[in-house]
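Breakdown of the fold
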Amino acid sequence: MTKQQATWSPYDFNGGTCVAIAGADYCVVAADTRMSTGYSILTRDYSKICKLAEKSLLASSGFQADVRALQKQLAARHLIYQHQHNKQMSCPGMAQLLSNVLYYTRFFPYYTFNVLGGLDNDGKGYVFTYDAVGSYERVGYSSLGSGAKLIMPFLDNQLKSPSPLLLPAKDAVTPLSEVEAVDLVKTAFASATERDIYTGDELEIVILNKEGIRTEFMELRKD
């Protein structure tokens, strides 16, 4: 008779998919609103996008308890920065802060997969993609989460981002207009929800440009 032993893990995987696209004068960050565990849906109306600063948005998938803890720590560090410097942190600065926070906890890491989007001081779009321990890279577009394996090949085909190894280095922004980028995100999620059970219910799209922030929603499959 095989001896059975109870196991326990401090982590859970709550699914979900995040996408970000940077343009010449905008940044689009999108995520679905389904939160699952196993084959159960915990809620159909959970936002995975957090506003960290005036020009920085964070979308996170993975273990949502760790996501909330990470967001609270970033908010506290940003508040300290504002008191010390009397200004909002820039998007590249927030990217480095997020990398530092994730790296400091690498021996018991936040089980989160993050994509940071925003604008620099000149209004140019930025997207930074991360792994769980803080390694990050500036890219023109990114997708993380349970549906990323379905969405990234589609984005690669449509956008064809230049290799970061090419010299001289090319700008990491996409050639699409803001409207085209939003339509591309909607198409990508509509396709991913057909194949990924952890992605669905509703798509939240946050568009950041020189005029400010606006949010759009689109219905997805609910089964």
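You'll find the structure just up there.
Let me begin by describing the structure that accompanies this report. A quick note: this is a predicted structure, and the numbers were derived from the prediction, not measured.

**Considering the nonpolar core**
Counting 21 residues, the largest nonpolar core has Ile-21, Val-28, Val-185, Phe-189 and Ile-205 as the members making the most contacts within it. When contributions to this core are tallied by element, the ones reaching two or more residues are β1 (17-22), β2 (26-32), α3 (148-159), α4 (178-192) and β11 (202-209). Discounting chain neighbours no more than four positions away, the residues touching Ile-21 are Tyr-26, Cys-27, Val-28, Val-127, Gly-140, Tyr-141, Leu-159, Thr-174, Ala-181, Leu-184 and Val-185. Judged by nonpolar contacts, the second largest core, of 19 residues, contains Cys-91, Ala-95, Val-101 and Phe-128.

**Thoughts on the pattern of salt bridges**
One pass over the structure, following the stated rule, counts nine salt bridges. The partner of Arg-34 in a salt bridge is Asp-201, with the nearest N and O atoms 2.8 Å apart. On the criterion of sequence distance, the pair formed by Arg-34 in the loop between β2 and β3 (35-37) and Asp-201 in the loop between α4 and β11 is long-range, its members being 167 residues apart. This pair shows no difference in class: Arg-34 is buried, exactly as Asp-201 is. The salt bridge partner of Arg-221 is Glu-194, with a shortest N-O separation of 2.7 Å. Note that Arg-221 is positioned in the segment after β12 (212-219) and Glu-194 in the loop between α4 and β11, a separation of 27 residues in sequence.

**Some remarks on the environment of Gln-84**
Looking at the secondary structure, you find Gln-84 in helix α1 (residues 64-85). The spatial distance from the C-alpha of Gln-84 to the C-alpha of Pro-109 is 28 Å, given a sequence separation of 25 residues.

**Focus: the packing of aromatic side chains**
This structure, assessed with the given rule, holds nine aromatic pairs. Ring centres 6.2 Å apart and planes at 45 degrees place the aromatic pair Phe-13 and Tyr-111 in the tilted group. Of this pair, Phe-13 sits in the segment before β1 while Tyr-111 sits in the loop between α2 (91-104) and β7 (112-119), and the two are 98 residues apart along the sequence. Accessibility expressed as a relative area gives 27% for Phe-13, which makes it partly exposed. Three or more aromatic residues joined by ring pairs form one cluster here, namely Tyr-11, Phe-13, Phe-63, Phe-108, Tyr-111, Phe-113 and Tyr-198. A cation over an aromatic ring shows up here: Arg-138 above the ring of Tyr-126, its NZ or CZ 3.7 Å from the ring centre.

**As for the sheet that holds β1**
Across the sheet, five strands lie side by side as β10-β1-β2-β11-β12; this open sheet has antiparallel pairing. Only two strands of the sheet have a single neighbouring strand rather than two, namely β10 (141-145) and β12. Across this sheet, the average inter-strand angle for adjacent strands is 15 degrees, counted without regard to direction. In this structure, β2 lies alongside β11, joined through seven bridges in antiparallel fashion. Directly across from Ala-31, in β11, lies its bridge partner Glu-204.

**A look at the packing of α1 against α2**
For any two helices packed against each other, the geometry is given by the interaxial angle and the distance between the axes. In the contact formed by α1 and α2, the axes pass within 11 Å of each other and the chain directions differ by 125 degrees. Here α1 is positioned oblique relative to α2, judged by the angle of their axes. Handedness of the crossing formed by α1 with α2: right-handed. On α2, the residues touching Leu-70, Gln-73, Leu-74, Arg-77 and His-78 of α1 are Met-94, Leu-97, Leu-98, Val-101 and Leu-102.

About the cut-offs
- Residues numbered from 1 in each chain as written.
- Predicted model: local features only at pLDDT ≥ 70, side-chain atom pairs only at ≥ 80, totals over all residues.
- Heavy atoms only, no water.
- Core = buried A, V, L, I, M, F, W, Y, C linked by side-chain atoms within 4.5 Å.
- Buried < 20%, exposed > 50% of the residue type's maximum accessible area, 1.4 Å probe, protein only.
- Helix = DSSP H or I, 4+ residues; strand = E, 2+ residues; numbered from the N terminus.
- Contact = heavy atoms within 4.5 Å.
- Salt bridge = Lys/Arg side-chain N within 4 Å of Asp/Glu carboxyl O.
- Phe/Tyr/Trp six-rings, centres within 6.5 Å; stacked < 30°, edge-to-face > 60°.
- Lys NZ or Arg CZ within 6 Å of the ring centre and 35° of its normal.
- Pairing = 2+ DSSP bridges.
- Axes fitted to C-alpha atoms, helices over the stretch in contact; angles between N-to-C directions.
- Parallel < 35°, antiparallel > 145°, perpendicular 65-115°, else oblique.
- Left-handed = near helix turned anticlockwise from the far one by under 90°.

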